[in-house]
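Summary of structural features
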Amino acid sequence: MLSAAGTPADRVEEALRVCAQELGIKGEFFSMPTALLATFESAEEPQPFTKIVRVRPGPVDLERLADIDRVFNDVADGRLGPADGLARLDEIADRSPRYPELLSPVSTMIIAAAAATILGGGIREALASAVIGLLVGGICLTLGKRGGAARLVDFVCGAISAMGAGFIADIVPLRADLVAIASLITLLPGLTLTTAINELSTRNLVSGTARLMGAFTMLLALGFGVAVGMRSIEALGAPAPIGDFGTLPAFYTYIALAAAAVAFAVEFRAHPRQLWILITAGYLGFFAATLSSPLLGAELSAAAGALAVGMFANAYARLFNKPATIALIPGVILLVPGTLGIRGVRSIVSHDTLTGVDTLFSMLLIATALVAGLLAANVLIPPRKAL
């Protein structure tokens, strides 16, 4: 269940190691994004046996993660037996999501409008991103349930976002490139990319490489879809203007951050009691990166933002005995370099190879900087929780 929720391999393995130790079982664990291998040995059964579990990655569910952590603590501390713990986990797995799925397109719309504002767009870009974001959310909800068609979601959404931005820009002048990217913000695999770099840095090479390739595959599908959409607009004789058509005052950025945190609470299936964590972590990471950017540059400012979020998440875990991931994900999500990946792939498809490779390299540098900031945070405030 931890692995399906996107927990990094090192934390999954550490949680299993601690749990086995508390139960008096010798265990060796190997976690991958789509599989888990475990070998057990105990005094009662000296002959080791191995289990292989197929893992199907699912959406981030912060409330479920907190409940899993509570079961983990109860079993490790002896308040709950292993059989009762398994029964509790089954109940958590079978529980219906807190928010109805029809809210997902609405949250995608709010996040798209907020992203356009944070990325420097004006009121036109925010409204256009909201409209296309609602359409993208609807496509994800519809195609995501159709088996084989679900594999086309990234490509279709990329094409729809670019075509929609182009059509709107032909009517109302706006930054079509910004609108196309902002409307796709919930699909960008920046968090997956950062997790992959984190796993590689902690020597979980198999899991990190697999997750990294998965992130690049998603970027390729999104970027190719955006490129196809823009080519389609050009073929129809409606080239989308790209320029600066004004930005909103800084005050609106603060509102956008709060609105994005509320929408991410739906996307990440957080309990309403966790909302203050999402808002605080989002503001903390954004302002730490923004204020340090003029002095440190893009890469080091990303590391500064991740450092601030990581220290806050670890402090939260120690004070409230909760998973640090609850504060970590919403704080890092605004710092991840997914938008650079879209621009890089689009440039390569448009035969601007040099610009595309340079942009993708910058994306990797920023992802590495985020991981460096998180690792430094773990040194300054060691995480108490295994999750």
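Scroll up for the structure.
This paragraph deals with the overall build of the chain. Counting its secondary structure elements, the chain contains 14 helices and three strands. On C-alpha atoms alone, the chain measures out to a radius of gyration of 21 Å, which is about the 21 Å that the 2.2 N^0.38 rule sets for 387 residues. If you line up the chain on its principal axes, its C-alpha atoms span 75 × 45 × 40 Å. The buried share of the chain, taken over its 387 residues, is 46%. Sequence-distant contacts in the chain: of pairs separated by 6 or more residues, those separated by 24 or more amount to 71%.

Here we come to the pairing of strand β1 (residues 26-32). Of the two faces of β1, the one holding Gly 27, Phe 29 and Ser 31 is buried and the one holding Lys 26, Glu 28, Phe 30 and Met 32 is not buried anywhere. Note: β1 against strand β2 (residues 35-41), seven bridges, orientation antiparallel. Across the sheet, Phe 30 pairs through a bridge with Leu 37, a residue of β2. Connecting β1 to the next strand, β2, in antiparallel fashion are two residues.

With that out of the way, let us pick up the side chain of Ser 107. Inspection of the secondary structure assignment puts Ser 107 in helix α4 (residues 103-118). On the accessibility criterion, Ser 107 (2% relative accessible area) is buried. Once you skip the residues sitting within four places of it in the chain, Ser 107 turns out to touch Ala 263, Val 266 and Glu 267.

Remark: helix α5 (residues 123-143) packs on helix α6 (residues 153-171), axes separated minimally by 10 Å, with the N-to-C direction vectors making an angle of 155°. Taken together, the axes of α5 and α6 are roughly antiparallel relative to one another. Here α5 and α6 pass one another in a crossing that is right-handed. Between α5, through Ala 128, Ile 132, Leu 135, Val 136, Ile 139, Cys 140 and Leu 143, and α6, the contact on the second element is made entirely by Val 153, Val 156, Cys 157, Ile 160, Ser 161, Gly 164, Ala 165 and Ile 168. Split into classes, the residues belonging to the contact of α5 with α6 amount to 13 nonpolar, two polar and no charged.

Below, the discussion takes up the nonpolar core. If you look at the biggest cluster of nonpolar residues, it comprises 38 residues, and the most contacted ones within it are Leu 62, Phe 264, Phe 268 and Leu 278. Listing elements by their share of this core, those giving two or more residues are α2 (62-76), α4, α10 (250-267), α11 (275-320), α12 (325-332) and α14 (353-380). With 12 residues, α11 is the single largest residue contributor to this core. Core analysis: the next-biggest nonpolar cluster, separate from the first, contains 18 residues, Ala 128, Val 136, Ile 139 and Leu 184 among them.

On to the sheet that holds β1. Strand order in the open sheet formed by three strands is β1-β2-β3, and the pairing between neighbours is antiparallel. Either end of the sheet is taken by a strand with one partner, and the two such strands are β1 and β3 (49-54). The average undirected angle you get between the axes of adjacent strands in this sheet is 15°. Contacts between helix α1 (residues 9-22) and the sheet are confined to β1 and β2, with β1 contributing the most and set at about 160° to the helix.

Conventions used here
Once a new chain begins, its residue numbering starts again from 1 and follows that chain's sequence as written. Local features in this predicted model are restricted to residues of pLDDT 70 or higher, and side-chain atom pairs are both shown and tallied only at a pLDDT of 80 or more, whereas totals for entire chains, interfaces and linings draw on every residue. Side-chain numbers here rest on the full set of heavy atoms in the structure, without hydrogens or water. Labels follow the DSSP assignment, with helices taken as runs of H or I lasting at least four residues and strands as runs of E lasting at least two, numbered in each case from the N terminus. Restricting the calculation to C-alpha atoms gives the radius of gyration, and the globule rule supplies 2.2 Å times the number of residues raised to the power 0.38. A 1.4 Å probe rolled over the protein chains alone gives each residue an accessible area, and that area as a share of the maximum for its type sets the label: buried under 20%, exposed over 50%, partly exposed in between. Throughout, a residue-residue contact means that at least one pair of heavy atoms, one from each residue, lies within 4.5 Å. If DSSP finds at least two bridges between two strands, the strands pair. All axes are obtained by fitting lines to C-alpha atoms, using only the stretch in contact for helices, and the reported angles, taken between N-to-C directions, cover 0 to 180 degrees. Note on angle classes: values under 35 degrees are labelled roughly parallel, values over 145 roughly antiparallel, values of 65 to 115 roughly perpendicular, and the remainder oblique. We call a crossing left-handed when the near helix sits turned anticlockwise from the far one by less than a right angle, and right-handed when that turn is clockwise. Ten residue types, Ala, Val, Leu, Ile, Met, Phe, Trp, Tyr, Cys and Pro, are classed as nonpolar, four, Asp, Glu, Lys and Arg, as charged, and the remainder, Gly among them, as polar. We call a set of buried Ala, Val, Leu, Ile, Met, Phe, Trp, Tyr and Cys residues a nonpolar core when their side-chain atoms join them within 4.5 Å.

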